[in-house]
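Read off the chains here:
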Protein chains: 2
Amino acid sequence: MDIFKAIKTRRSIRVFTKEEVSEEEIEEIIDAARWAPSAGNIQPWIFIVVRDPKRKERLSKAALNQLFIEKAPVIIVVCADQERSKKVYGRRGVNLYCIQDTAAAIQNLLLAAHALRLGACWVGAFDEEAVRRALNIPSGVRPVAIIPIGRPAVKPGAVFKRSLNEIVHYESF
Amino acid sequence: MDIFKAIKTRRSIRVFTKEEVSEEEIEEIIDAARWAPSAGNIQPWIFIVVRDPKRKERLSKAALNQLFIEKAPVIIVVCADQERSKKVYGRRGVNLYCIQDTAAAIQNLLLAAHALRLGACWVGAFDEEAVRRALNIPSGVRPVAIIPIGRPAVKPGAVFKRSLNEIVHYESF
């Protein structure tokens, strides 16, 4: 799929068919994620692939009971390895770079999923401690996104985007 | 350009030819940026396009004297509109979502630039207050990236990426 088409036609998908997502597909989208740039090429990202129904249920609950999450055939939980960024960049590494680096990787992942005709949704609202407990995530590693993935059972419509006029300044704010 | 090719062949470019980058090209890559997802579709991003040599010099200096920055024909400074995210999501909006949302937009921007055969580099190490002063950025808006853009004057080589084995876990950390 053309890059501009992928960027402009990707949508958040929250309803999935029951069809499975293969291990190869999951590997292909995580492979795309890891090509994101990162500060100092630190690559402070970890991906936890969840298919177990009980764990999926716990993730749904941790995500403020957004029940569509556990209905996805697979969920990828993306984590920022704060320790890895901290060693090189201290506080700015923990609070900024490892959040940015993982977010860039997530965007690659979402675009790749869309190009493979999969649907996904970037979920950011969740209880981090509950996710940590559900997946045995150690301290120093922070869950930053829950991404349910499946085959879209809906065709999402148009989405409102702010105009260039509103978001672009020249030379000065 | 195919999405997977764009993701895997994009590199950080720090040496540029003197050739100009047109306004249309800049608009096309910012247009791609604004299609990124964002928490609650808040779109807390602002792009400041800088071509003035004096301002470019100030940005280079603010970025710890990385002098390649001012040599780019154009620089885009990406800002996170913290106030916009705070209104809806409070502290999590300021510290997490608006950083993630702008990072996803930046990744789109870098992929789009690459697809247009432009070169760019995501610079994160800079004195935020100095950037703020150089571009009159008000409080409540945070500069999160400086992105010099031009035509690549170098062909970058391979880049080390961590293997899937190292970054993927199944079911649990």
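Residues numbered from 1 in each chain as written. Chains lettered and ligands numbered in written order. Predicted model: local features only at pLDDT ≥ 70, side-chain atom pairs only at ≥ 80, totals over all residues. Heavy atoms only, no water.

Can you tell me about the relation of the copies chain A and chain B, naming the residues and giving the values?
Mapping chain A onto chain B calls for a screw motion: a turn of 180 degrees about the axis and a shift of 0.0 Å along it, with 0.0 Å RMSD after fitting. Taken together, these values place the two copies in the relation of a two-fold axis. Interface residue correspondence from chain A to chain B reaches 100%, placing this contact among same-surface, isologous pairings. (Least-squares fit on C-alpha atoms with pLDDT ≥ 70 in both. Contact = heavy atoms within 4.5 Å.)

Can you explain the sheet that holds strand 3 (residues 119–120) of chain A? Please cite residues and give values.
Hydrogen bonding along the main chain pairs the strands of a sheet, whether they run parallel or antiparallel. The 5 strands lie next to each other as 3(A)-4(A)-2(A)-1(A)-5(B), forming an open sheet whose pairing is mixed. The sheet is open, and its two borders are formed by strand 3 of chain A together with strand 5 (168–170) of chain B, each paired with just one other strand. Strands in contact with helix 4 (residues 82–115) of chain A are strand 1 (45–50), strand 2 (74–81), strand 3 and strand 4 (141–150) of chain A; relative to strand 2 of chain A, the strand with the most contacts, it is inclined by about 155 degrees. (Pairing = 2+ DSSP bridges. Helix = DSSP H or I, 4+ residues; strand = E, 2+ residues; numbered from the N terminus. Axes fitted to C-alpha atoms, helices over the stretch in contact; angles between N-to-C directions.)

Outline the interface of chain A and chain B, supporting the account with residue identities and numerical values.
Listed per partner, the contact involves 72 residues of chain A and 73 residues of chain B. Of the roughly 6,700 Å² buried between chain A and chain B on both sides combined, carbon and sulfur atoms contribute 57%. Sorting the residues of chain A by area buried against chain B places A:Trp35, A:Glu171 and A:Phe173 first, and these three jointly supply 12% of that buried surface. We note a salt bridge from A:Lys8 to B:Asp31, for which the minimum N-O separation is 2.8 Å. Counting across the chain A and chain B interface gives 54 residue pairs in polar contact (both at pLDDT 80 or more). Contributing elements (two or more residues each) for the side of chain A that touches chain B: helix 1 (3–9), helix 2 (23–33), strand 1, helix 4, helix 5 (128–135), strand 4, helix 6 (164–167) and strand 5 (168–170) of chain A. With 14 residues, helix 4 of chain A is the largest single contributor of residues to the side of chain A that touches chain B. Its residues assigned to classes, the side of chain A that touches chain B shows 42 nonpolar, 10 polar and 20 charged. One ladder, built from 3 bridges, connects strand 5 of chain A with strand 1 (residues 45–50) of chain B; its direction is parallel. Residue A:Val168 lies in a different strand from strand 1 of chain B, and its bridge partner there is B:Phe47. (Buried area = accessible area lost by both parts, 1.4 Å probe. Salt bridge = Lys/Arg side-chain N within 4 Å of Asp/Glu carboxyl O. Polar contact = N/O pair within 3.5 Å; in protein donor to acceptor, adjacent residues only side chain to side chain. Nonpolar A, V, L, I, M, F, W, Y, C, P; charged D, E, K, R; others polar.)

Would you mind going over the pairing of strand 4 (residues 141–150) of chain B in detail, with residue names and values included?
Residue and element names in this part refer to chain B. Strand 4 sits mainly inside the fold: 10 of its 10 residues count as buried. As paired strands, strand 2 (residues 74–81) and strand 4 are joined by 8 bridges and run antiparallel to one another. Of the residues in strand 4, the one forming a bridge with Ile76 is Ile147. With 2 bridges connecting them, strand 3 (residues 119–120) and strand 4 associate as antiparallel partners. In the sheet register, Gly119 faces strand 4, and the bridge partner there is Gly150. (Buried < 20%, exposed > 50% of the residue type's maximum accessible area, 1.4 Å probe, protein only.)

Outline the pattern of salt bridges, listing residues and values.
Tallied over the entire structure, the rule returns 23 salt bridges over all chains. A salt bridge links A:Arg34 to A:Asp31; its shortest N-O distance comes to 2.7 Å. Among the ionic pairs, A:Glu57 bridges to A:Lys61, the shortest N-O distance being 3.0 Å. Here A:Glu57 and its partner A:Lys61 are both found in helix 3 (residues 53–62), 4 residues apart, which amounts to about one turn of the helix. A relative accessible area of 34% means that A:Glu57 is categorised as partly exposed. Ionic contacts of the salt-bridge type, sharing partners, join the residues A:Lys8, B:Asp31 and B:Arg34 into one network.

So what about the confidence of the model for chain A? Which residues, and what values?
Chain-level pLDDT for chain A is 97 on average; 100% of the residues reach the 70-or-more range. Scoring the predicted complex yields pTM 0.98 and, for the interface, ipTM 0.98. (pLDDT = per-residue confidence, 0-100.)

Can you lay out the packing of aromatic side chains for me, pointing to particular residues and giving the numbers?
On inspection of all chains with the given rule, the structure shows 2 aromatic pairs over all chains. Taking 5.0 Å as the distance between ring centres and 90 degrees as the angle between the ring planes, the aromatic pair formed by A:Tyr89 and A:Tyr97 counts as edge-to-face. Residue A:Tyr89 is classed as partly exposed on the basis of its relative accessible area, which comes to 31%. Note that A:Arg92 overlies the ring of B:Phe126, its terminal NZ or CZ placed 5.0 Å from the centroid. (Phe/Tyr/Trp six-rings, centres within 6.5 Å; stacked < 30°, edge-to-face > 60°. Lys NZ or Arg CZ within 6 Å of the ring centre and 35° of its normal.)

Before we move on, could you go through the sheet that holds strand 2 of chain B and cite the residues and values that matter?
What the 5 strands build is an open sheet, ordered 5(A)-1(B)-2(B)-4(B)-3(B); its pairing is mixed. Strand pairing shows two members of the sheet lacking a second neighbour, strand 5 of chain A together with strand 3 of chain B, which therefore form its edges. Helix 3 (residues 53–62) of chain B contacts strand 1, strand 2 and strand 4 of chain B of the sheet and is inclined by roughly 60 degrees relative to strand 2 of chain B.

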